[in-house]
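# Topology and contacts: notes
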Amino acid sequence: ATSYPARYPSGVIYNPAGNTTPTNAYAVSAGPLIISSWDAYYYSSETFGATNGNFQTIENATDTVGGVPLNYMPRMHMQARGNKVFLYGDANTDNGTSYTGFTTRVNIGTFNSGTNSFDWVRVSHVPHYALDGAGLPDGYAYPGLAFNNDGTIGYLAYIGRHPDASDLLTYQPIVYKTTDGGLTWNEEAAFNWATCPALQTLATDLSPVGRPMFSTIKEATLDADGRLHITSYVHGAFSDNTDSLGYYAVYTGMQGIIFDTYQTATGWASMIVDTVFATDPDDATTLID
């Protein structure tokens, strides 16, 4: 245990292979710790029968795996798949006003039946964003993360400007795939919103510059065929000026339109899920673009 305050945890249930006794399943959690600031983090696990308790703490100053001494807020998109638990934190950098670099820290916990606890490793990933006029990565900081049921195949999906995309003047998905349980990531072909009729219609009807604009990813998952789905608002882009690509058209009384954008056997498709009228928590505070 530790006397450091643990804050904002995420948690999942992990059931060991072959187990049919509920009390032998594990509650697994992870999150940040405060020492003098947000400068440490923890992993914990214990059965629902209150056995095999394990609590691991790591300070960012000593976490130098991959040469990136930071794992800020490791609590996002947590999921149990196969004999592993996945989540991510970040090692993003900023200048006090804007982000100067994005690094996602994928946290991978593998269940060790010999110790009845999890062995954790961290893998750093830097998305391939186009740069804005100030030389800063042009996109959002936090991706979606999704793995298949056995934890071998997974995806990181970012939203931003891809330097190889057909349209360089709007934010859209940038996707990476792993086939080795998150240890290495390979970039998928650049997304092209113009191949998705629903996005074309939105761009025509709602954007003064004829483009869709993806907002941050709300959720990511894989379907029964192992294909990625990402859920997010898609807005009508307000500007195609390279200094103002994060702006979108807003509508009185409506928060936005939720889309399911997903892989198919031949490429990508997108469909409207619903319109949302309630205030979105991601818009409750000012975010750095």
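Attention in this report is confined to the structure presented alongside it. (Residues numbered from 1 in each chain as written. Predicted model: local features only at pLDDT ≥ 70, side-chain atom pairs only at ≥ 80, totals over all residues. Heavy atoms only, no water.)

### Quick notes on the sheet that holds strand S14 (residues 186–187)
Overall, antiparallel pairing links the four strands, which are arranged S11-S12-S13-S14 in an open sheet. The open sheet has two edge strands with one neighbour each: strand S11 (144–147) and S14. In the sheet, strand S12 (residues 154–160) pairs with strand S13 (residues 172–178) via seven bridges, with the strands oriented antiparallel. Pairing of Tyr155 across the sheet is with Lys177, part of S13. (Pairing = 2+ DSSP bridges. Helix = DSSP H or I, 4+ residues; strand = E, 2+ residues; numbered from the N terminus.)

### Describing the pairing of strand S18 (residues 268–276)
The two faces of the sheet receive side chains in turn, since in a regular strand these alternate between them. Inspection of the sheet shows strand S17 (residues 256–263) paired to S18 by eight bridges, in the antiparallel sense. Paired with Gln263 across the bridge in S18 is Trp268.

### Considering the packing of aromatic side chains
All told, the structure shown has 19 aromatic pairs when counted by the stated rule. Between Phe191 and Trp268, the ring centres sit 5.4 Å apart and the planes meet at 75°, which makes this aromatic pair edge-to-face. On the criterion of sequence distance, the pair formed by Phe191 in the loop between S14 and helix H1 (197–206) and Trp268 in strand S18 is long-range, its members being 77 residues apart. When sorted by exposure, Phe191 lands in the same class as Trp268, which is buried. By way of ring pairs, the aromatic residues Tyr14, Tyr26, Tyr41, Tyr43, Phe111, Phe118 and Trp120 are connected into one cluster. (Phe/Tyr/Trp six-rings, centres within 6.5 Å; stacked < 30°, edge-to-face > 60°. Buried < 20%, exposed > 50% of the residue type's maximum accessible area, 1.4 Å probe, protein only.)

### What about the environment of Val12?
On the secondary structure map, Val12 appears in strand S1 (residues 10–14). Put simply, Val12 and Val28 are 16 residues apart on the chain and 5.4 Å apart in space, counted from C-alpha to C-alpha. In this structure Val12 touches Tyr26, Ala27, Val28, Met78, Gln79, Ala80 and Val85, once residues within four positions along its chain are discounted. (Contact = heavy atoms within 4.5 Å.)

### Regarding the pattern of salt bridges
The final tally for this structure, using the stated rule, is four salt bridges. Close ionic contact of Asp138 with Arg161 constitutes a salt bridge, the shortest N to O distance being 3.1 Å. Here Asp138, found in the loop between strand S10 (117–125) and S11, pairs with Arg161, found in the loop between S12 and S13; they are 23 residues apart in sequence, far enough to count as distant. Here Asp138 falls in the buried class, since its relative accessible area comes to 7%. The closest approach of N and O atoms between Asp240 and Arg211, which form a salt bridge, is 3.5 Å. On the criterion of sequence distance, the pair formed by Asp240 in the loop between strand S16 (228–236) and S17 and Arg211 in the loop between H1 and strand S15 (212–222) is long-range, its members being 29 residues apart. Assessed through its relative accessible area of 16%, Arg211 is described here as buried. One continuous salt-bridge network, built from bridges that share partners, spans Asp167, Arg211 and Asp240. (Salt bridge = Lys/Arg side-chain N within 4 Å of Asp/Glu carboxyl O.)

### Topic: the environment of Ala157
Tracing the backbone shows Ala157 in strand S12. Of the residues examined, Ala157 reaches a relative accessible area of 1% and is grouped as buried. For the pair formed by Ala157 and Lys177, sequence separation is 20 residues and the distance between their alpha carbons is 8.8 Å. Once residues within four sequence positions are removed from consideration, Ala157 is found in contact with Pro143, Gly144, Ile174, Val175, Ile217, Leu228 and Ile230.

### Looking at the sheet that holds strand S2 (residues 26–33)
An order of S1-S2-S3-S4 is seen for the four strands of this open sheet, with the pairing classed as antiparallel. Of all the strands in the sheet, the pair left with one neighbour each is S1 and strand S4 (54–59). Across this sheet, the average inter-strand angle for adjacent strands is 15°, counted without regard to direction. Sheet topology note: the strand S3 (residues 40–47)/S4 ladder contains six bridges and is antiparallel. Counterpart to Ser45 in the pairing with S4 is Asn54. (Axes fitted to C-alpha atoms, helices over the stretch in contact; angles between N-to-C directions.)

### Things to note about the nonpolar core
Most often, soluble globular proteins keep nonpolar side chains buried together rather than apart. By size, the foremost hydrophobic cluster in this structure holds 26 residues, and its most contacted members are Phe191, Leu199 and Leu228. Every element with two or more residues in this core is listed here: S12, H1, S15, S16 and S17. If one sorts the elements of this core by residue count, S15 sits on top with five residues. Setting aside its immediate chain neighbours within four residues, Phe191 contacts Ala165, Gln172, Pro173, Cys196, Leu199, Phe214, Thr261 and Trp268. Of all hydrophobic cores here, the second largest spans 18 residues; its members include Met73, Tyr99, Tyr158 and Tyr176. (Core = buried A, V, L, I, M, F, W, Y, C linked by side-chain atoms within 4.5 Å.)

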